[in-house]
Amino acid sequence: MGESKEFTLQEVAEHNTKKDLYMVIHDKVYNVSSFLSEHPGGEEVILDVAGQDGTEAFEDVGHSDEAREILDGMLVGDLKRLPGDPAAPRTAAPTASSSSSGSSSSFGVGLYAFILLGGAVAYGAYQYLQTSNAAQQQ
Ligand code: HEM
């Protein structure tokens, strides 16, 4: 423990050139410079996330296990998120099933909870108005 190097997002952002290119995926920091010209998806897409968090870009493509093994060989350390840094993107973990269609479910649950809560409040307000109306009419 504690042996691997830690980088902040600021430090990763300094490595954003072709010859010195770091990239964050799932809060790990990779030095991708040597792989850039070999990437089957082209240099451009990787340069787009040079020095940044490329988790979403990487996972959106649905990269193979082979691609993840290549990543392992380029690991240089862990990302250290500071207070105020953007939170880690909520994409499927590398070990999750190959289907990428479930990523919106957490939002769905929150939305249902919100609607239920809103309904309960509206019902309570309605009941209250009914009773106070009835009281006035007597
Ligand atoms: C350093 C991180 C990355 C590694 C190691 C990597 C590796 C690979 C590998 C091995 C493939 C071949 C297909 C496969 O095995 O899945 C591939 C394809 C591809 N990659 Fe990446 N990739 C990386 C980052 C990215 C990023 C950030 C994007 C941005 C969108 C991207 C876009 C693509 C696309 C579009 C293909 C498909 C190319 C095709 O089939 O014509 N990759 N990548």
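What counts and how
Residues numbered from 1 in each chain as written. Predicted model: local features only at pLDDT ≥ 70, side-chain atom pairs only at ≥ 80, totals over all residues. Heavy atoms only, no water. UniProt positions renumbered as here; feature names shortened; annotations may be inferred. Near = heavy atom within 4 Å. Polar contact = N/O pair within 3.5 Å; in protein donor to acceptor, adjacent residues only side chain to side chain. 1 Å grid on protein atoms, 1.4 Å probe; cavity = no way out; pocket = protein on both sides within 12 Å on 5 of 7 lines; lining within 4 Å. Sits in = over half its atoms within 2 Å of the grid points. Points joined across faces, edges and corners; volume = space filled by probe spheres on them. Helix = DSSP H or I, 4+ residues; strand = E, 2+ residues; numbered from the N terminus. Buried < 20%, exposed > 50% of the residue type's maximum accessible area, 1.4 Å probe, protein only. Contact = heavy atoms within 4.5 Å. Pairing = 2+ DSSP bridges. Patch = residues over 30% accessible without salt bridge, like charges linked within 9 Å, V, L, I, M, F, W, Y side chains within 5 Å. Areas by Shrake-Rupley, 256 points an atom, 1.4 Å probe, with all protein chains shown as cover. Salt bridge = Lys/Arg side-chain N within 4 Å of Asp/Glu carboxyl O. Lys, Arg positive; Asp, Glu negative; His and termini not counted. Charge placed at Lys NZ, Arg CZ, Asp CG, Glu CD. Phe/Tyr/Trp six-rings, centres within 6.5 Å; stacked < 30°, edge-to-face > 60°. Lys NZ or Arg CZ within 6 Å of the ring centre and 35° of its normal.

Within an unreviewed UniProt entry, the label attached to the protein reads Cytochrome b5 heme-binding domain-containing protein, and the organism entered is Monascus purpureus. The annotation that UniProt attaches to the protein under Sequence similarities (unreviewed entry) is "Belongs to the cytochrome b5 family."

So, on to the site of the ligand. Lining the immediate surroundings of the ligand are 18 residues, of which Phe 35, His 39, Pro 40, His 63 and Ser 64 lie closest. At 2.8 Å from a nitrogen atom of the ligand is found a side-chain nitrogen or oxygen belonging to His 63. Take Ser 64: an N or O atom from its side chain is 2.3 Å from an oxygen atom of the ligand. When atom positions are compared with the pocket grids, the ligand is found to occupy the second largest pocket.

Roughly 360 Å³ of internal volume is contained in the second largest pocket. Lining the second largest pocket are 21 residues, and of these Phe 35, His 39, Ile 46, Phe 58 and His 63 sit closest to its centre. For the lining of the second largest pocket, the secondary structure elements donating two or more residues are strand 3 (20-25), helix 2 (43-48), helix 3 (55-61) and helix 4 (65-72). Broken down by element, the residue count for the lining of the second largest pocket peaks at four residues, all from helix 4.

Let's shift gears to the environment of Phe 35. With respect to the helices and strands, Phe 35 occurs in the loop between strand 4 (28-31) and helix 2. Exposure remark for Phe 35: the relative accessible area of 14% places this residue in the buried category. The contact partners of Phe 35, leaving out residues within four places of it in the chain, are Pro 40, Ile 46, Ile 70 and Met 74.

Let us look at the sheet that holds strand 5 (residues 75-79). The five strands are arranged 1-5-4-3-2 in an open sheet whose pairing can be described as mixed. Each edge of the open sheet is held by one strand with a lone partner, namely strand 1 (6-7) and strand 2 (16-17). Of the pairings in the sheet, the one linking strand 3 to strand 4 comprises four bridges and is antiparallel in character. Bridge pairing in strand 4 places Met 23 opposite Tyr 30.

A contiguous patch of negative charge on the surface is contributed by Asp 65, Glu 66, Glu 69 and Asp 72. The residue Glu 69 is located in helix 4 in this model.

Examined against the element boundaries, His 15 turns out to sit in the loop between helix 1 (9-13) and strand 2. Residue class for His 15 comes out buried when judged on its relative accessible area of 18%. At 2.8 Å, the side chain of His 15 and the side chain of Asp 20 are in polar contact.

The backbone of His 26 shows a phi angle near 50 degrees, a positive value even though the residue is not glycine. Relative to the helices and strands, His 26 resides in the loop between strand 3 and strand 4. The phi dihedral of Asp 27 falls on the positive side, at around 60 degrees, and the residue is not glycine. With respect to the helices and strands, the residue Asp 27 is situated in the loop between strand 3 and strand 4.

With that settled, the discussion passes to the packing of aromatic side chains. The relative placement of two aromatic rings is captured by the distance of their centres and the angle of their planes. The tally for this structure, following the rule as stated, stands at one aromatic pair. Judged by centre distance (5.6 Å) and plane angle (90 degrees), the ring pair of Phe 7 and Tyr 22 falls under edge-to-face. Separated by 15 residues along the polypeptide, Phe 7 in strand 1 and Tyr 22 in strand 3 bring together distant segments of the chain. Of the two residues, Phe 7 and Tyr 22, neither departs from the other in class, the shared state being buried. Above the ring of Phe 7, the side-chain terminus of Lys 5 is found at 4.8 Å from the ring centroid.

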